[in-house]
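# Secondary and tertiary structure notes
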Amino acid sequence: MPVASAPHWAQRLLHPRSVAIVGASARPGSISTQALANLRDFGYAGRVLPVNAKYTELDGLPCYPSLDAAPGPVDLALILVPAAAVPGAIEDCVRAGVGTAVVFSSGFGELGAEGLAVQRRMAEAARAGGVRLLGPNCQGLIYRPASLVATFSEAAQAGLGESSGIAYAGQSGAIGGSFLGLARERGIGLTAWASSGNQADLGVADLAAGFLEEDEVRVVAMYLEAIPPGAQWRQLTARARELRKDLVVLRSGRSAAGRRAAASHTGAMIGPDTAFELVSAEHGVIGVTDVDQLLDTVVELAAGKRLRGPAVTVVTSSGGAGGIAADWLEEAGLRAGELAGGTRRELEQFIPAYGSTSNPVDVTAQLFSQDDDAVFDVCRTILDDPGTDVLMVIMTNVTGARAARVARQLVEAADGSPKPLGVVWLADGNQIAEATKILREHHVPLHDSIGRKAHVLARLHRAGAARPPARAEPVAAPAGGFAGTGVVTEAAGAPLLDALGVPRPDGVLVTSAQEAAEAAARLGGRVVLKAQSPGLTHKSEAGGVRVGVTDAASAYREVVDAVRAARPDVVLDGILVQRLVPPGIELLVGVEGAADGYPPVVTIGFGGVTAEIYQDVVTGLAPLSESDVRDLLTRLRGAPLLRGYRGRPGADVAAVAGTVAALSHYAAGLGDRLAELEINPLIARPDGVSAADLVLRFTE
C-alpha cells in the first residue's frame with residue numbers, strides 16, 4: 001500500500017477504485033477493446049465503467065452514455081477518443097469529479113504550435129477542475145499490486161512475469177514498450193510501468209515520485225527526453241536517497257548537437273545539463289546511456305543486494321577470461337580484491353594444484369564437471385572473505401545439464417550471503433537455456449559480457465559511494481551591493497573582486513593615448529592593455545589585448561585600431577591599463593548562474609588561451625567550501641602542477657580555494673540574477689593568486 005507521503009493524485013492513479021473507459025468500443029482489435037480486455041485479463045478487481053453513447057452493454061458490463069451518467073466516484077478515466085473530442089472529454093471528467101485521466105489520443109503538441117496550444121488549454125482546464133492528466137499521446141500505465149493494466153502496449157499482452165520491485169517511467173511509449181518486453185525476457189517482471197507521452201501535466205519525474213512512495217517499489221528506472229525542473233529533481237533525488245531506493249536514469253539529448261553556444265570559455269566546456277548531472281551524482285542517481293545499460297542495471301538491482309565497496313573477486317574456469325575481467329575491472333574504476341590467507345588455504349581443498357587461489361580465482365574446468373557441491377563451496381568461501389565486496393562468476397563452455405546443476409549451486413550460494421553474486425556466461429544461449437531460467441527465476445544477475453558486467457558494477461559502486469555535501473549558506477552580496485546589469489566589463493567589475501577579497505592587478509581605465517602613457521608610468525614599467533566594452537567578451541580574438549607593453553601610447557592606438565577593424569559594431573568604454581602580473585600557473589574559474597531551479601555550476605580548470613583545447617576541468621555546485629574546492633582540484637589531470645612538478649614551483653592552493661569559494665558563495669547568493677562569471681586566467685603562484693581577466697554577465 002502507498003505510504004502517507006504519496007501525492008494525492010498517485011493514490012487515485014495507482015489504486016483506483018473504479019476505471020472509466022471513455023470511448024469504449026466493441027470493434028475487434030481497437031485500442032479501447034484491448035484496454036478493456038487488459039483490465040479484465042489481468043484481474044483488476046475495481047469497477048470498470050465503459051462510456052460510449054452508442055452502446056448499452058459491452059463485454060457483459062453496463063455501458064454509460066456519459067461520465068455524468070456513470071456511478072461515481074471515478075478515480076481513473078482512460079480517454080480513447082479522437083483528438084478533437086478530447087477537450088470535451090476532459091470537461092466531462094471535471095464535471096463528474098474524476099480524479100485522474102490518461103489521454104491515449106495523439107494529435108496534440110507533437111504536431112506543432114497549434115496542437116501544443118490545444119494541449120496546454122486542455123491541461124489548464126483539467127488542473128483547474130482538480131483532474132490530473134497523464135498524456136496525451138501516451139500508452140498508459142501498469143501497477144501490479146492493484147492488478148491495474150491500463151495500457152494498449154503489445155508488450156503487456158505477452159505477460160508481465162513475476163513482480164520484481166522494479167518500476168519504469170518514461171516519455172516514449174515505444175521505448176517503454178521495448179523495455180517492458182526486454183526486462184521480462186531477462187527475468188524482470190516490472191512492478192510498475194508508465195508512459196507519460198507529451199507530459200501536458202504529469203511528467204516522468206512526477207510518476208517516479210509517486211512510484212517511490214509505494215512499498216512494493218525498490219527501484220525506479222526512468223527514460224527522460226527533457227530535464228525536469230531543478231527544484232523537482234532535487235526533491236525527487238533527495239527523497240530516493242532518504243528512502244534508500246534507487247533511481248536509474250537514461251536520458252536522450254546529451255550530445256554536443258543539443259548544447260547551446262555560450263559566450264565564455266566555461267560555457268563552451270560544460271553542457272547545459274551539467275547542473276542536472278551534478279545533482280544526480282550527489283544523490284547517488286545511477287546514470288546510463290543506452291537501453292542495454294538500463295536493463296543491465298535493473299537486472300543487477302533486482303537481487304536487492306547493495307554493493308558495499310569496489311573489491312571484486314572473480315571465479316572462472318578460464319585463465320583468459322580472468323585476465324580479461326581484471327583488465328575491465330581496472331578500466332571501470334574497480335579493483336580485484338585480495339583474498340585472505342585463510343580463504344586461499346580453504347580454497348585449496350576444492351581447486352586442483354594447476355588452478356589458482358589468487359584473484360582472479362581459476363578453479364579450472366574440472367570443478368564444473370564434478371558431481372559434488374564444489375561450486376557452492378568455492379563461492380560461499382569467497383563470499384565470506386572480508387576482502388570481497390562482490391563475486392563475479394565467469395562461466396565459459398559449460399552447457400546443458402552441467403550448466404543447470406552449476407546454476408542451482410550458484411543460486412544456493414547467492415541466497416545465503418548478503419553480498420552480491422553475479423554470473424557472466426559466455427556460451428550459446430540455446431545451450432544454457434535451463435541454467436538461464438534457474439538464475440533469472442531467483443534474481444541472480446546474469447550477463448553475457450564481461451565488460452558490461454564490470455561497468456554496471458562500477459555504476460552501482462559510484463552511486464553507493466555518493467554523499468551529498470553539507471552546504472554552507474551562501475553569503476550576501478558585498479556591502480553596498482554591486483548593481484550589475486547585462487555584461488559588466490573587467491574595469492567595471494573590479495570593485496566586486498575587491499569586495500570579495502579576490503586579488504587583481506592594479507589598473508586604470510583610460511580613453512586616450514596620452515592617458516595610457518601616464519597610467520603606465522604610474523604603474524611602473526611594463527603593462528597590459530585591454531579593450532573594454534560590454535560587447536567584447538573575448539578581447540584577444542578581436543586584437544584587443546597587448547601584453548608586456550613599454551610604449552603604452554602606441555599600444556593604445558594599436559588596440560583601438562585593431563578592435564575597430566575586427567568589430568566595427570563595438571563601442572569602446574576605454575582601454576584598461578594594468579600592471580603586468582608575474583607569471584604563474586594559469587587557471588580558469590567560471591560560474592554558470594542558477595537556472596531552472598538548479599544551483600550555479602562552478603568550473604575550475606587549467607586556463608589561458610588553450611583552455612578549450614585541453615579541457616582539463618572539474619565542476620561542482622555552488623556554494624562550495626574551501627575544502628570542497630581542494631577536493632575538486634585533486635581531480636584535475638594536471639593536479640601535480642599545483643603541487644610543484646619536476647622542479648617547477650607549485651601554487652598557493654589555499655589562495656586558489658579561498659578565491660573559488662568566495663566566488664561560489666557570491667553566485668549562490670544571487671540566485672538566477674547571475675548569468676555567468678569567469679576569471680580566465682587566475683594566475684596562481686607560490687605566494688598567492690591574481691585575477692588577470694574577468695567576464696561578468698547578469699541576466700537582463
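No experiment lies behind these values; they were computed from the predicted model shown.

All right, on to the overall build of the protein chain then. Along the backbone of the protein chain there are 25 helices and 31 strands. Overall, the protein chain is about 95 × 80 × 40 Å in size when its C-alpha atoms are taken along their principal axes. Residues counted as buried form 54% of the 700 residues belonging to the protein chain. Surface accessibility of the protein chain: about 28800 Å² in total, with carbon and sulfur atoms responsible for 50%. Mean positive and mean negative side-chain charge positions of the protein chain (62 and 76 charges, respectively) differ by 1 Å.

Applying the stated criterion to the full structure yields three aromatic pairs. Look at Phe104 and Phe152: their rings are 5.6 Å apart centre to centre, the planes differ by 55°, and that puts the pair in the tilted class. Of this pair, Phe104 sits in the loop between β6 (100-103) and α4 (113-128) while Phe152 sits in the loop between β9 (148-150) and α5 (154-157), and the two are 48 residues apart along the sequence.

The next subject is the nonpolar core. Counting 53 residues, the largest nonpolar core has Phe211, Met222 and Trp233 as its most contacted members. Apart from the residues lying within four places of it in its own chain, the contact partners of Met222 are Ala169, Val204, Ala205, Ala208, Trp233, Leu236, Leu247, Val248, Val249, Leu250 and Leu294. In terms of nonpolar packing, the next biggest core, distinct from the first, is built from 45 residues, Leu180, Trp193, Ala221 and Ala463 among them.

Let us look at the environment of Glu541. Within the element layout of this structure, Glu541 appears in the loop between β23 (527-532) and β24 (545-549). Judged by its relative accessible area of 63%, Glu541 is exposed. Sequence separation between Glu541 and Ala123 is 418 residues; the distance between their C-alpha atoms is 49 Å.

Another point: the side chain of Asn52. As for its placement among the helices and strands, Asn52 is situated in the loop between β2 (47-51) and β3 (57-58). Of the polar contacts made by the side chain of Asn52, one reaches the backbone oxygen of Ala24; its length is 2.7 Å. Not counting the four nearest positions on each side in its chain, Asn52 is found in contact with Gly23, Ala24, Cys63, Tyr64 and Pro65.

With that settled, the discussion passes to the confidence of the model for the protein chain. Within the protein chain, residue pLDDT values average 90, and 93% of them lie at 70 or more. In this model, residues 257-269 is a region of pLDDT below 50 whose contacts with residues beyond four sequence positions or in other chains number 33 contacts.

Strand pairing in a sheet is mediated by backbone hydrogen bonds. Such pairs are either parallel or antiparallel. Strand order in the open sheet formed by five strands is β2-β1-β5-β6-β7, with parallel pairing between adjacent strands. Only two strands of the sheet have a single partner each, and these edge strands are β2 and β7 (132-134). Adjacent strand axes in the sheet meet at a mean angle of 20°, parallel and antiparallel pairs treated alike. Where strand β1 (residues 18-22) and strand β5 (residues 76-79) come together, four bridges link them in parallel fashion. Each bridged residue has a counterpart across the sheet, and for Ile21 the counterpart in β5 is Leu78.

It is worth spelling out the sheet that holds β23 at this point. With antiparallel pairing, the four strands of this open sheet are ordered in space as β22-β25-β23-β24. Two strands bound the open sheet, and with one partner strand each, they are β22 (507-510) and β24. The sheet shows a mean angle of 20° between the axes of neighbouring strands, direction not considered.

With respect to the helices and strands, Leu243 occurs in helix α8 (residues 230-243). Judged by relative accessible area, Leu243 falls into the partly exposed class, the value being 27%. Through-space distance from the C-alpha of Leu243 to that of Val118 is 38 Å; in sequence the pair is 125 residues apart.

With that settled, the discussion passes to the pattern of salt bridges. Pairing between side chains of opposite charge can happen when the charged atoms of each approach one another. The final tally for this structure, using the stated rule, is 27 salt bridges. For Asp448, the salt bridge goes to Arg452, with nearest N and O atoms at 3.6 Å. In this structure, Asp569 and Arg567 form a salt bridge, with 3.1 Å as the shortest nitrogen-oxygen distance. For Arg567, a relative accessible area of 28% gives the class partly exposed. Because the salt bridges share partners, they merge into one network encompassing Arg186, Asp296, Asp448 and Arg452.

Walk down a regular strand and you will see the side chains alternate between the two sheet faces. The alternating pattern of strand β30 (residues 688-691) places Gly688 and Ser690 on one face and Val689 and Ala691 on the opposite face, and all of these are buried. Note: strand β29 (residues 674-685) against β30, four bridges, orientation antiparallel. Pairing of Leu682 across the sheet is with Ala691, part of β30. Taken together, β29 and the strand that follows it, β30, pair antiparallel across an intervening segment of two residues.

Turning to a negative patch on the surface, a few remarks are in order. A surface patch of negative charge is lined by Asp371, Asp372, Asp373, Glu412 and Asp415. Mapped onto the secondary structure, Asp372 falls in the loop between α14 (364-369) and α15 (374-383). Residue class for Asp372 comes out partly exposed when judged on its relative accessible area of 38%.

Each disulfide consists of one covalent bond between the sulfur atoms belonging to two cysteines. A full pass over the atoms with the stated rule returns zero disulfides. The thiol of Cys63 is not disulfide-bonded; the next cysteine sulfur, from Cys93, is found 15 Å away. Cysteine Cys138 shares no disulfide, and the gap to the nearest cysteine sulfur, in Cys93, comes to 13 Å.

Right, let's talk about the pairing of β2 for a bit. Burial runs high along β2: four of the five residues are buried. Of the pairings in the sheet, the one linking β1 to β2 comprises five bridges and is parallel in character. Its bridge partner being in β2, Ser18 is matched across the sheet by Arg47. Assessed by its sense of winding, the connection that carries the chain from β1 through helix α2 (residues 31-41) to β2 is right-handed.

Procedures and definitions
Residues numbered from 1 in each chain as written. Predicted model: local features only at pLDDT ≥ 70, side-chain atom pairs only at ≥ 80, totals over all residues. Heavy atoms only, no water. Helix = DSSP H or I, 4+ residues; strand = E, 2+ residues; numbered from the N terminus. Buried < 20%, exposed > 50% of the residue type's maximum accessible area, 1.4 Å probe, protein only. Areas by Shrake-Rupley, 256 points an atom, 1.4 Å probe, with all protein chains shown as cover. Lys, Arg positive; Asp, Glu negative; His and termini not counted. Charge placed at Lys NZ, Arg CZ, Asp CG, Glu CD. Phe/Tyr/Trp six-rings, centres within 6.5 Å; stacked < 30°, edge-to-face > 60°. Core = buried A, V, L, I, M, F, W, Y, C linked by side-chain atoms within 4.5 Å. Contact = heavy atoms within 4.5 Å. Polar contact = N/O pair within 3.5 Å; in protein donor to acceptor, adjacent residues only side chain to side chain. pLDDT = per-residue confidence, 0-100. Pairing = 2+ DSSP bridges. Axes fitted to C-alpha atoms, helices over the stretch in contact; angles between N-to-C directions. Salt bridge = Lys/Arg side-chain N within 4 Å of Asp/Glu carboxyl O. Patch = residues over 30% accessible without salt bridge, like charges linked within 9 Å, V, L, I, M, F, W, Y side chains within 5 Å. Disulfide = S-S within 2.5 Å. Right-handed = clockwise from strand over helix to strand, strands pointing away.

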